[in-house]
Amino acid sequence: MDLTQRHRAFSFPRLLTFLLLTTLLAACSVDKYVADDQLYLRSVKVVSTEPEVTKPYQLSGYVKQSPNVKWFGAKVPMRIYCASNPNSKSWTSKLLRKIGEEPVLFDTLRTQRTIEDIEQVLSNAGYMHSSVELVNDIHGKKLDLTYKVTPGERYSVRSLERVVDDPKLRELICGPDTADSHLSIGMPMDVNKLNSERSRITNLLRSMGYYKFNKDDITYRADTLAGSLSVDLLMHVRLHLENGRSDPENHTQYRIGDVTYQVEGGAEHFRRSLLTSNTRLISGELYNDAHLRQTYNNFTRLQAISYSNIRINERPGTDTLDCQIVLNRAQPRSFSFDLEGTNSAGDLGAAASASFQNKNLFKGSETLTLKLRGAYEAITGLDGYEGHNYIELGGEARLAFPGFLLPLVSHEFASLHAATSEISLQYNRQNRPEFNRRVLTAAWRYRWQSMNKKVQHRFDLLEVNYIYMPWISTRFREQYLDSLGRQNAILRYNYENLLITKLGYTYSFNSLGTSATTTYGQNAYTLRFNIETSGNVLGTLTRIFDAKRNDQDQRTFCGIAFAQYVRGDFDWAKSIRIDRNNSMALHAGFGIAVPYGNSNQLPFEKRYFAGGANSVRGWSVRSLGPGAYKGADRQINFLNQSGDIKLDLSMEYRALLFWKLNGAIFVDAGNIWTIRKYDDQPEGEFRFDKFYEQIAMSYGIGLRLALDFFTLRFDAGMKAINPAYKGRDHYPIIHPNLDRDFAFHFAIGLPF
């Protein structure tokens, strides 16, 4: 078959599919689902005669009735629904109606509520005589609806007076505190500002012992003159009124009395110090709302406690509040067992893991976690080796303490910042046909967060990794490590005994707070920065004591070479909400690691890789780069396809399809590079004058199934620009080859 014949054979199915889809969509008339006295709401817009005035109020969010959902600009669900026969009860029509979306019919009541809400929003902002006009553009049974907003003139505060009946409160509210006030002469007459001032004063007083003060004790009166845009504003703080029958009286300033604990099953389950150190309500101190909330937060974060409640009782006729803290114990011990199937580049296997957890080991909410894991994999494609099995066994013990295990750090600071200290020990045993590998890891780290829960900190005081290679097969050593024709420094370095001593710090920011597990579909962003270093202490000690060197001229500690490097990573992601069903997500990541001193290469565990479900998705995992390097031997080449510098850029358009299914269209770019030039990685070195020519690009589509506790993700990516090739093959977006340029990914969770 010549090229023309192949082209025709290839194009005809595409043409047929296109014609069928076009015919189907054309036949999906919405009119058959719209009665003669109804209108199909095709589009809705909110426009303003003064866009700069109304822009801050995001008026589109107050629209009560929106058109049908769009899939990447097309109302596919509605078209699917309309493809059914409204008079048919066949399973085909029922299925189309079930998975599709019924046409949205114009609702006059919802429209009127929208008008009222928009006018109220502008009125609260000081635009007292705003108006909303409906502009209807009707085409047959289809309606394009426009809300035309005209904001009125804005009122401002000409004078401001504060009247406080309680003399003691008058000193607080009308004294130096006015410098923090949200109200001022000349400000717009904004109801939101008035409410925020009520909240500010209430929070201030309730932090100073005024337990019974509330926002309703503050009222406003606004006087306007006819024909004027000026407002005379009066704020009135009234006396305390216990109930409708009592006489008004000055507000009482309360102090904390007795603080007692009621623990389900008896207080002996917890150390007394655990209860007192997490209680911010102190006998003799003034009552403080913030201390009450902090006490709740402190007990909520403790693993050993499942429920907490604070009962506050006023002693009759006094200014004393007694507090009883009620605590329910969590189930102290738990056990879990998991089975999973594995697929590594086509090699099938299975894994099992078991874990045990004690949430109150020393009666101080210390959490002990013990894990065991085993895995087996049948390895194919390895000729000339005695075995063809991969067996992995591992264990981990982790002990977490609430608070800081550090001197000079107060319990108060630790509780305010939800601090934890963690000690862990891990052991991993890997037996492959090519080699045996053992990894022993010990770590001591701290975690804490900001009081607003948006920032998380992690400080790795010490993490020690000891990598031990007890056996390497003769064939593997001769074929890959020692062969003169295939010298590979990266391979050799990663199959030798090595000691890594890490010191690191990680900063994470989530604009929604740490309680938000994702920013999906919201106007939010995340930021993460990490820096770590290794080997500096050992480097200094071995130089001082002139430690022995190995055959590669590396200094050793107890006969073991140690790694020296510094590594920094930066990651930023932003989600932009377009409407209730559509959003845009942006991501940028950069990392660089520099070996120095005792190391010419980075350890395998610290190198960067590109390609895969969370990187440039047109490539399979760890198959891109470095630079313009083109891989060769697929059995072992993944080590060569690693680098010291990484760049990741992504853009995703995300849309709700139906039920819990979401779709995405994405474009990715990035690559990895080495800092130094290595013979085994030709064209992999980073150079300022050519790195931009080596940035790979891919595009694709994805599906996300958003379940209650996790998201299943399926992404199909195609290469667009491939830096490993020159000429025609450098641009697979123009000359695609499905076998070479397609990659499919299955993952848990979003890529960013």
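Note that the coordinates shown come from a computational prediction; the quantities given were computed from them, not determined experimentally.

**Student:** I'm lost on the overall build of the chain in this one. Help?
**Tutor:** Counting its regular elements, the chain contains 14 helices and 27 strands. Principal-axis analysis of the C-alpha atoms places the extent of the chain at approximately 95 × 75 × 55 Å. For the chain, the residues scored as buried account for 42% of the 752 residues in total. Put simply, 64% of the contacts in the chain that link residues at least 6 apart link residues at least 24 apart. Of the roughly 40200 Å² of accessible surface on the chain, 56% is carried by carbon and sulfur atoms. One way to put it: in the chain the 91 positive side-chain charges average out to a point 4 Å from where the 80 negative ones average out.

**Student:** Which parts of the structure should I look at to understand the pattern of salt bridges?
**Tutor:** Side chains carrying opposite charge are able to pair once their charged atoms draw close together. Per the counting criterion, the structure on display carries 47 salt bridges. When the shortest N-O distance is used, the salt bridge between Arg-315 and Asp-322 registers 2.9 Å. Several salt bridges converge on common partners, so that one network encompasses Glu-422, Arg-445, Arg-447, Arg-458, Asp-460, Glu-463, Lys-502, Glu-532 and Lys-606.

**Student:** Would you mind going over the sheet that holds strand E8 (residues 305-314) with me for this structure?
**Tutor:** Strand pairing within a sheet occurs via backbone hydrogen bonds; the two strands may be parallel or antiparallel. Ordered in space as E7-E9-E8, the 3 strands form an open sheet in which the pairing is mixed. Here the strands that pair on one side only, and so sit at the sheet edges, are strand E7 (255-263) and E8. For this sheet the average axis-to-axis angle between neighbouring strands, irrespective of direction, equals 20 degrees. Note that E8 and strand E9 (residues 320-329) share 9 bridges and pair antiparallel. Across the sheet, residue Asn-309 finds its bridge partner in E9, namely Val-326. Packed onto the sheet, helix H9 (residues 289-301) meets E7, E8 and E9 and runs at close to 155 degrees relative to E8.

**Student:** Please explain the sheet that holds strand E2 (residues 131-139) as it appears in this structure.
**Tutor:** A sheet is described by the order of its strands in space; here 3 strands give the open sequence E1-E3-E2, paired in mixed fashion. With one partner strand each, in any of the chains shown, strand E1 (40-48) and E2 form the two edges of the open sheet. This sheet shows a mean twist of 20 degrees between the axes of neighbouring strands, independent of strand direction. Sheet topology note: the E1/strand E3 (residues 142-150) ladder contains 8 bridges and is parallel. If you follow Lys-45 over to E3, its bridge partner there is Thr-146.

**Student:** Honestly, the side chain of Ser-93 in this entry has me stumped. Any pointers?
**Tutor:** Tracing the backbone through its elements, the reader meets Ser-93 in helix H4 (residues 91-99). With a relative accessible area of 6%, Ser-93 lands in the buried category. Once you skip the residues sitting within four places of it in the chain, Ser-93 turns out to touch Ser-84, Asn-85 and Ser-88.

**Student:** Honestly, the environment of Thr-320 in this entry has me stumped. Any pointers?
**Tutor:** Checked against the element boundaries, Thr-320 lands in strand E9. On the accessibility criterion, Thr-320 (15% relative accessible area) is buried. Taking C-alpha positions, Thr-320 is 5.1 Å from Arg-255, a pair spaced 65 residues apart along the chain. Those residues in contact with Thr-320 that sit more than four places away from it in its chain are Tyr-254, Arg-255, Ile-256, Gly-257, Asn-313, Glu-314 and Arg-315.

**Student:** What's the story with the nonpolar core in this structure? I'm lost.
**Tutor:** Nonpolar side chains tend to gather and get buried jointly when the protein is soluble and globular. Ranked by internal contacts, the top residues of the largest apolar core, which has 21 residues, are Phe-270, Leu-275, Phe-299, Ile-312, Ile-325 and Leu-327. Contributions of two or more residues to this core are made by E7, helix H8 (272-277), H9, E8 and E9. In this structure Ile-325 touches Val-259, Thr-260, Tyr-261, Gln-262, Thr-279, Thr-295, Phe-299, Asn-309 and Ile-310, once residues within four positions along its chain are discounted. Residues Val-164, Leu-169, Leu-233 and Met-235 belong to the second largest nonpolar core, which totals 18 residues.

**Student:** I tried to follow helix H7 (residues 191-206) on my own but got confused; where do I start?
**Tutor:** Turn by turn, an α-helix covers 3.6 residues, leaving residues three or four places apart pointing in a common direction. Compared with the 22 Å implied by 1.5 Å per residue over 16 residues, the 23 Å span of H7 between its first and last C-alpha is a close match. Listed in full, the buried residues belonging to H7 are Leu-194, Glu-197, Arg-198, Arg-200, Ile-201, Thr-202, Leu-205 and Arg-206. Looking at the packing, one finds that the buried side of H7 touches helix H6 (167-173), strand E5 (218-224), strand E6 (230-237) and H9. N-cap assignment for H7: the residue whose side-chain oxygen lies 2.9 Å from the backbone N of Asn-192 is Asp-190.

**Student:** For this particular structure, what's the right way to read the confidence of the model for the chain?
**Tutor:** Low-pLDDT stretches of the model should not have their predicted coordinates read in fine detail. With 92% of its residues at a pLDDT of 70 or more, the chain shows a mean pLDDT of 88. Confidence scores differ between elements of the chain, with helix H1 (residues 3-27) showing the lowest mean pLDDT of 43 and E9 the highest of 97. This model gives residues 1-13 a pLDDT under 50, and the stretch forms 2 contacts once residues within four places in sequence are excluded. Low pLDDT, under 50, characterises residues 15-20; the stretch is placed with 0 contacts to residues that sit more than four places away or in other chains.

**Student:** What should I look at first to understand unusual backbone geometry in this one?
**Tutor:** As a rule of thumb, non-glycine residues mostly have phi less than zero, and peptide bonds are mostly trans rather than cis. In this chain, Gly-625 is followed by Pro-626 through a cis amide linkage whose omega measures 0 degrees. Relative to the helices and strands, Pro-626 is located in the loop between strand E22 (582-595) and strand E23 (645-658). One non-glycine residue, Gln-58, lies in positive phi territory at about 45 degrees. Its place among the elements puts Gln-58 in the loop between helix H2 (51-54) and helix H3 (76-82). On the basis of relative accessible area, Gln-58 is assigned to the exposed category, the value being 61%. For Asp-546, which is not a glycine, the phi torsion comes out positive at approximately 50 degrees. With respect to the element layout, Asp-546 can be found in the loop between helix H13 (536-544) and strand E19 (556-557).

**Student:** So what exactly am I meant to see when it comes to the environment of Glu-161 here?
**Tutor:** Note on placement: Glu-161 falls in strand E4 (residues 156-164). C-alpha separation for the pair Glu-161 and Gln-331, spaced 170 residues apart in sequence, amounts to 57 Å. The residues contacting Glu-161, other than those within four sequence positions of it, are Leu-233, Leu-234 and Met-235.

**Student:** Where do I start with the packing of aromatic side chains in this structure?
**Tutor:** Both the distance between ring centres and the angle between the ring planes are used here to describe each pair of aromatic rings. Scanning the model with the defined rule gives 20 aromatic pairs in all. A centroid spacing of 5.0 Å and a plane angle of 80 degrees characterise the contact between Tyr-211 and Tyr-287, whose relative ring orientation is edge-to-face. Here Tyr-287 lies in the loop between H8 and H9 and Tyr-211 lies in the loop between H7 and E5, a separation of 76 residues in the sequence. Of the residues examined, Tyr-211 reaches a relative accessible area of 22% and is grouped as partly exposed. Judged by centre distance (5.6 Å) and plane angle (65 degrees), the rings of Phe-404 and Trp-448 are edge-to-face. Highlighted residues: Phe-404 in the loop between strand E13 (389-402) and helix H10 (411-416) and Trp-448 in strand E15 (residues 435-449), separated in sequence by 44 residues.

**Student:** Any chance you could explain the environment of Asp-107 here in plain terms?
**Tutor:** Within the secondary structure, Asp-107 is located in the loop between H4 and helix H5 (108-124). The spatial distance from the C-alpha of Asp-107 to the C-alpha of Gly-341 is 52 Å, given a sequence separation of 234 residues.

**Student:** Would you take a moment to explain a nonpolar patch on the surface for this structure?
**Tutor:** A cluster of nonpolar side chains, namely Leu-703, Leu-707, Phe-709, Phe-710, Phe-714, Leu-738, Phe-742, Phe-744, Phe-746 and Ile-748, defines an oily patch on the protein surface of about 1100 Å² accessible area. Counting residues per element, the nonpolar patch draws most heavily on strand E27 (residues 742-748), which supplies 4 residues. Its location among the elements puts Phe-742 in strand E27.

**Student:** Teacher, can you tell me more about the pairing of E23 here?
**Tutor:** Where E22 and E23 come together, 11 bridges link them in antiparallel fashion. Following the sheet pairing, His-587 is matched in E23 by Ser-650. Direction of pairing for E23 relative to strand E24 (residues 661-673): antiparallel, over a ladder of 13 bridges. Residue pairing in the sheet places Lys-646 in a bridge with Ile-672 of E24.

Conventions adopted
Residues numbered from 1 in each chain as written. Predicted model: local features only at pLDDT ≥ 70, side-chain atom pairs only at ≥ 80, totals over all residues. Heavy atoms only, no water. Helix = DSSP H or I, 4+ residues; strand = E, 2+ residues; numbered from the N terminus. Buried < 20%, exposed > 50% of the residue type's maximum accessible area, 1.4 Å probe, protein only. Contact = heavy atoms within 4.5 Å. Areas by Shrake-Rupley, 256 points an atom, 1.4 Å probe, with all protein chains shown as cover. Lys, Arg positive; Asp, Glu negative; His and termini not counted. Charge placed at Lys NZ, Arg CZ, Asp CG, Glu CD. Salt bridge = Lys/Arg side-chain N within 4 Å of Asp/Glu carboxyl O. Pairing = 2+ DSSP bridges. Axes fitted to C-alpha atoms, helices over the stretch in contact; angles between N-to-C directions. Core = buried A, V, L, I, M, F, W, Y, C linked by side-chain atoms within 4.5 Å. Expected span 1.5 Å × (residues − 1). Polar contact = N/O pair within 3.5 Å; in protein donor to acceptor, adjacent residues only side chain to side chain. pLDDT = per-residue confidence, 0-100. Phe/Tyr/Trp six-rings, centres within 6.5 Å; stacked < 30°, edge-to-face > 60°. Patch = residues over 30% accessible without salt bridge, like charges linked within 9 Å, V, L, I, M, F, W, Y side chains within 5 Å.

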